[in-house]
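Structure at a glance
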Amino acid sequence: MTQRWTATGLSQDLPKAVAMAGHWQGHDLAVWRSASGRLQAWNDRCPHRGMRLSHGFVRGETLACIYHGWVYGADGGCKHIPAHPALTPPATIRVAAFACVEQDGVIWVAPAETVGAPVALRGLQPLRSISLTCDVVAVRLAEPALSGDDVLRGLVQIGGQACEVCLLVQHGASGLTLHALCAVGADRIAASRWLEDLRRRAERKGAA
Amino acid sequence: MIAPEVMNEWYPVAMAAQICAGQRRVTQLLGQPITVHVQDGVIVVTGQAGPLHVTEAFGHVWACPGTPAHPLFPIPEALETGRRLVDVGVVRVKCSPLRAVENFLDIAHFPFVHTDVLGAEPHTEVNRYEVQIREDSDEVWATKVTFYQPQAAKSAEGGIVTQYMYRVPAPTAAVLYKTCPARPDAWDVIGIFVQPLSEELCDVWPWMALYDDATPQAELIAFQQMIFLQDRSILENQIPRLLPLDPGMEIPTQADLTSIAYRRWLKKRGLTYGAQMVAA
Amino acid sequence: MIRLYDYVLSASCYKIRLMAALLCVKLEHEAVDFHPGRAHKSAAFAQLNPAGTLPVLVDGDLILTESTAMLVYLAQLSGRDWLGPCDPKSAAQVQHWLAFSGRLAASLGMARLHDMLLYEGDIDAWRAQGHAALRELEAALSERRFAGGVWLVGDAPSIADIACFPNVALSQDGGVSLDAYPSVRLWTRAIRALDRFVEMPGIHRLHELRPAPEVA
Ligand SMILES: N[C@H](CCC(=O)N[C@@H](CS)C(=O)NCC(=O)O)C(=O)O
Ligand code: FES
Ligand SMILES: [Fe+2]
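Residues numbered from 1 in each chain as written. Chains lettered and ligands numbered in written order. Predicted model: local features only at pLDDT ≥ 70, side-chain atom pairs only at ≥ 80, totals over all residues. Heavy atoms only, no water.

**Let's talk about the interface of chain C and chain A**
Each side of the interface is counted separately: chain C has 23 residues, and chain A has 28 residues. Taken over both partners, the interface formed by chain C and chain A buries close to 2,000 Å², and the fraction arising from carbon and sulfur atoms is 53%. Among the residues chain C hides against chain A, the three largest losses belong to Arg135(C), Glu143(C) and Phe146(C). Together they make up 32% of the total. At the boundary of chain C and chain A, one finds three salt bridges. (Contact = heavy atoms within 4.5 Å. Buried area = accessible area lost by both parts, 1.4 Å probe. Salt bridge = Lys/Arg side-chain N within 4 Å of Asp/Glu carboxyl O.)

**Observations concerning the domain arrangement of chain C**
All names here are of chain C. Under the domain assignment, chain C is made up of domain 1 (2-77) and domain 2 (88-192). Each partner contributes to the interface: domain 1 provides 14 residues, whereas domain 2 provides 13 residues. Here domain 1 and domain 2 share an interface that buries about 1,300 Å² over both sides, 77% of which is from carbon and sulfur atoms. Among the residues of domain 1 in contact with domain 2, Leu9, Ala11 and Lys15 are the three that bury the most area, contributing 34% of the side total. At the surface where domain 1 touches domain 2, the tally comes to zero salt bridges. (Domains from an automatic or database assignment.)

**Examining the sheet that holds strand E6 (residues 53-57) of chain B**
All names here are of chain B. With respect to topology, three strands assemble into an open sheet ordered E1-E7-E6, the strand pairing being antiparallel. If you trace the sheet from one side to the other, it starts and ends with strand E1 (11-15) and E6, each paired once. Pairs of neighbouring strands in the sheet enclose a mean axial angle of 30 degrees, with direction left out of account. Of the pairings in the sheet, the one linking E1 to strand E7 (residues 60-64) comprises four bridges and is antiparallel in character. Counterpart to Pro12 in the pairing with E7 is Trp62. (Pairing = 2+ DSSP bridges. Helix = DSSP H or I, 4+ residues; strand = E, 2+ residues; numbered from the N terminus. Axes fitted to C-alpha atoms, helices over the stretch in contact; angles between N-to-C directions.)

**Some points on the coordination of the iron ion (ligand 3)**
Residues and elements named next belong to chain B. The protein atoms that coordinate the iron ion (ligand 3) are His109 (NE2), His114 (NE2), Asp231 (OD) and Asp231 (OD), at distances of 2.0 to 2.4 Å. Coordination geometry of the iron ion (ligand 3): the four donor atoms subtend angles of 58 to 152 degrees at the metal centre, consistent with an arrangement described as irregular. Here the donor residues of the iron ion (ligand 3) are spaced in sequence according to H-x4-H-x116-D. One end of the pair, His109, is in the loop between helix H3 (97-104) and helix H4 (110-113); the other, Asp231, is in helix H5 (residues 217-235), and 122 residues separate them in sequence. The class for Asp231 is buried, based on a relative accessible area of 6%. (Donors = N, O, S within 2.8 Å, 3.2 Å for Na, K, Ca; no water. Tetrahedral: all angles 85-135°; square planar, octahedral: opposite > 155°, others 65-115°. Buried < 20%, exposed > 50% of the residue type's maximum accessible area, 1.4 Å probe, protein only.)

**So, the interface of chain B and chain A**
At the junction of the two partners, chain B supplies 28 residues and chain A supplies 22 residues. Counting across the chain B and chain A interface gives four salt bridges. Salt-bridge contacts for Arg49(A) lead to Glu250(B); the nearest nitrogen and oxygen are separated by 3.5 Å. The interface formed by chain B and chain A holds 19 residue pairs in polar contact (both at pLDDT 80 or more) in total. Secondary-structure elements contributing two or more residues to the side of chain B that touches chain A are H3, H4, H5 and helix H6 (257-269) of chain B. Among the elements that take part in the side of chain B that touches chain A, H3(B) stands out by supplying three residues, more than any other. The class makeup of the residues in the side of chain B that touches chain A is 11 nonpolar, nine polar and eight charged. (Polar contact = N/O pair within 3.5 Å; in protein donor to acceptor, adjacent residues only side chain to side chain. Nonpolar A, V, L, I, M, F, W, Y, C, P; charged D, E, K, R; others polar.)

**Considerations on the pattern of salt bridges**
This structure, assessed with the given rule, holds 43 salt bridges over all chains. The salt bridge involving Glu203(A) is made with Arg135(C); its shortest N-O contact spans 2.7 Å. Of this pair, Glu203(A) sits in helix H2 (residues 188-207) while Arg135(C) is found in helix H5 (residues 123-146), placing the two residues in two different chains. Residue class for Glu203(A) comes out buried when judged on its relative accessible area of 16%. For Arg135(C), a relative accessible area of 19% translates into the label buried. Between Glu30(C) and Arg3(C) there is a salt bridge whose closest N-O contact spans 2.8 Å. Remark: Arg3(C) occurs in strand E1 (residues 2-6) and Glu30(C) occurs in strand E2 (residues 27-31); sequence separation between them is 27 residues. Judged by relative accessible area, Glu30(C) falls into the partly exposed class, the value being 31%. Taken together, the salt bridges that share partners define one network made up of Lys94(B), Arg232(B), Glu236(B), Arg112(C), Asp115(C), Arg127(C) and Asp173(C).

**Details of unusual backbone geometry**
Cis geometry marks the peptide bond from Ile239(B) to Pro240(B); its omega dihedral reads -5 degrees. Positive phi is not limited to glycine here, since Asp116(B) has a value of about 70 degrees. For Asp116(B), the position within the fold is in the loop between H4 and strand E10 (130-134). Accessibility expressed as a relative area gives 35% for Asp116(B), which makes it partly exposed. Positive phi outside glycine occurs at Arg196(C), with the angle close to 70 degrees. By secondary structure assignment, the location of Arg196(C) is in the segment after helix H7 (182-192). What makes Arg196(C) partly exposed here is its relative accessible area of 47%.

**Quick notes on the side chain of Gln276(B)**
Summarising the element assignment, Gln276(B) is placed in strand E17 (residues 275-276). Dropping the residues within four chain positions of it, Gln276(B) is found in contact with Pro240(B), Leu242(B), Leu243(B), Pro244(B), Leu245(B), Asp246(B) and Met249(B).

**Describing the nonpolar core**
If you look at the biggest cluster of nonpolar residues, it comprises 91 residues, and the most contacted ones within it are Leu53(A), Tyr72(A), Tyr166(B) and Tyr262(B). Of all hydrophobic cores here, the second largest spans 51 residues; its members include Ile2(C), Ile16(C), Leu18(C) and Trp187(C). (Core = buried A, V, L, I, M, F, W, Y, C linked by side-chain atoms within 4.5 Å.)

**A closer look at the packing of H2(A) against H5(C)**
One way to put it is that H2(A) packs onto H5(C) with a least axis distance of 9 Å and a crossing angle of 160 degrees. In terms of orientation, H2(A) lies roughly antiparallel with respect to H5(C). Here the hand of the crossing between H2(A) and H5(C) comes out right-handed. Contacts from Arg188(A), Ile189(A), Ser192(A), Arg193(A), Glu196(A), Arg199(A) and Glu203(A) in H2(A) reach Arg135(C), Ala139(C), Glu143(C) and Phe146(C) in H5(C). Broken down by class, the residue content of the contact of H2(A) with H5(C) amounts to three nonpolar, one polar and seven charged. (Parallel < 35°, antiparallel > 145°, perpendicular 65-115°, else oblique. Left-handed = near helix turned anticlockwise from the far one by under 90°.)

**What about the sheet that holds strand E13 (residues 161-172) of chain A?**
Residues and elements named next belong to chain A. Reading across the sheet, the four strands line up as E11-E14-E13-E12 and stay open at both edges, with antiparallel pairing between neighbours. Of all the strands in the sheet, the pair left with one neighbour each is strand E11 (124-132) and strand E12 (151-158). Each neighbouring strand pair of the sheet contributes to a mean axis angle of 30 degrees, computed without reference to strand direction. Alignment of E11 against strand E14 (residues 175-183), held across seven bridges, turns out to be antiparallel. Note that in E14 the partner of Ser129 across the bridge is His179.

**Some details on the site of ligand 1**
All names here are of chain C. Around ligand 1 lies a shell formed by Ser10, Ser12, Phe34, His40, Lys41, Gly52, Thr53, Leu54, Pro55, Thr65, Glu66 and Ser67. Lys41 is positioned such that a nitrogen or oxygen atom in its side chain is 2.3 Å from an oxygen atom of ligand 1. Note that an oxygen atom of ligand 1 is positioned 2.6 Å from one of the side-chain N or O atoms of Ser67. Bound to the protein, ligand 1 loses 75% of the 500 Å² it would expose on its own. Classifying every residue of the shell around ligand 1 gives three nonpolar, seven polar and two charged. (Near = heavy atom within 4 Å. Areas by Shrake-Rupley, 256 points an atom, 1.4 Å probe, with all protein chains shown as cover.)

**Remarks on the domain arrangement of chain A**
Residues and elements named next belong to chain A. Domain parsing of chain A yields domain 1 (6-110) and domain 2 (124-207). Here domain 1 and domain 2 have C-alpha centroids that lie 29 Å from each other. In this complex, domain 1 contributes 12 residues to the contact, which on the side of domain 2 involves 10 residues. Summed over both sides, the interface between domain 1 and domain 2 buries roughly 780 Å², with carbon and sulfur atoms accounting for 61% of that surface. Together, Ala7, Leu10 and Gln12 form the three largest contributors to the area buried by domain 1 at its contact with domain 2, with a combined 49%. Taken together, the links from domain 1 to domain 2 amount to four residue pairs in polar contact (both at pLDDT 80 or more). Of all the elements in the fold, those that place two or more residues in the side of domain 1 that touches domain 2 are strand E1 (6-10) and strand E10 (106-110). With five residues, the single largest contributor to the side of domain 1 that touches domain 2 is E1. Partitioning the side of domain 1 that touches domain 2 into residue classes produces four nonpolar, six polar and two charged.

Structure, rendered in structure tokens:
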């Protein structure tokens, strides 16, 4: 069931002790990395009063909600309620977790019970994540060397040289996000400019 | 169809001073277009089906789109001599009007959202306080609320333990009474009046009645706008946008007694505009 | 003392408050009732700034009404560390971002005033222009990161970063999410983590910079 894994970001964009918003097929997630580097993807909703946990803050191995500071430990259980410092929170206060793995510099998410690993991307390095207002068809029209649906791959011309690229597709409410990788050793500035150009061409196709 | 219980309540729709100065406010109430303006020397609020009931109080214009179930609630302190009445102006928030009121009743967020002003770690504890629904006025009241505050008001110098009382006199209005730094024997009064544009969008009008002769008006307004705009980014990021009245949907603690009472009171009275009844 | 005519919710005023805090320059603040009073449009205020905009910075007989000029002034007074490197290329890049900050104010800034304070105008156009500007910023910051950089120009934060930061960090207030701009997000975090950083409403404190209080 490898297709259940969705790329929701690049490792380089989530340093230690940072939280960010992620998505799995319309589910909003809080994806965060602890101070020691441990990665987690949770339902993006604090059980207390519904605040997005992706706006929260990481201290050590815990994620705290920005609204009232409730602290959640690595297992998703509430460890501390600042309004009641002496209270041990009941074990029933828990944030639902998704499966989250990091592989080839990509952060992948899937429902908790998912087994298996995401697709392997050997020989590639992470480039950038970008969003587009068009669909995948328009991207392939703009760059016929790319093929695939959820994983677009191909050999494209970057700065006069053939370069292997891979674009991991994430569908969102207002369009696409592409998590781009390029061949190890490729000039990433040139590749980034190619990607910008691809977006302009694809969005023009998409709008036509 | 909006429930008659909702239609028969009073809602703030404009700042009176702005309308009296000749402004015409084209806006919305409970999802319907309305216009607030002066006609032949009186303030009128017109909806699609004609004029609405109108009253003016606490610097604002209030309208009732149905048949008023009761007169608008009083704030007796507004009439006391020596108080400065401050209209803070409108702020639009993409949230349920009920979430905006509930946030106003909450103190546990002060250290994290109003850091170094209304609260600061490690002073996060919320002591037990008393909550009741007053039978005579049918209002939610919280009393004996205390909290440590680094800068409780524009006029405060240094941290103090502030005393609070909270009051919900209407579904989309709340009033608080807090320690007045300039006059220990009196309370400062702060209100938020929330205009429900729709179930998920509101215009919020903070308002104050303070004992403070020293602080310039612009600074009093700036202080209250600073506080409320810190809340706005929270309110726009709560999920769901509607206020859940199903007790299983969110998990309160003892610090949330006011919010629990407010939700029960809304449910009991059928004031469910902006609320979510069943878990989605 | 330098005097700032200030409004707490103004992103342009915040540029100056933030710069002054980072430079340890003390300002005298004069709160202007921008909303709801529209005092910046009064006849009295026009004597100070005929354009009727905030902020205004006054130092003796110097009156500045453009926030980018105020950044240059404060940074010049304070030892030049924040002016960016002075080689021709870097100096030009700093000017680029100072001008670019005007585009952010005209797009993201207006979207915010629309959504928050009910300013009238074409919200879809403001948001679209805001996204266009954020794409340019994201591309530039990504290239800086590939080269090992963090800041817009050079190896240290400069007035270029401070000029662009407020309207970007507040973009959510106008309904523009930064979710699609990871390099921009990391750059705003780097600014928020600076020593002596001050926040404004809409930009929360990074509570993680301080350890959790001991539980009694
Ligand atoms: N001169 C510009 C003005 C900045 C600006 O647009 N300020 C807003 C407040 S954030 C303002 O005064 N708007 C009133 C208006 O444009 O009429 C600057 O200093 O950057
Ligand atoms: S909503 Fe998260 S701690 Fe209250
Ligand atoms: Fe608040």
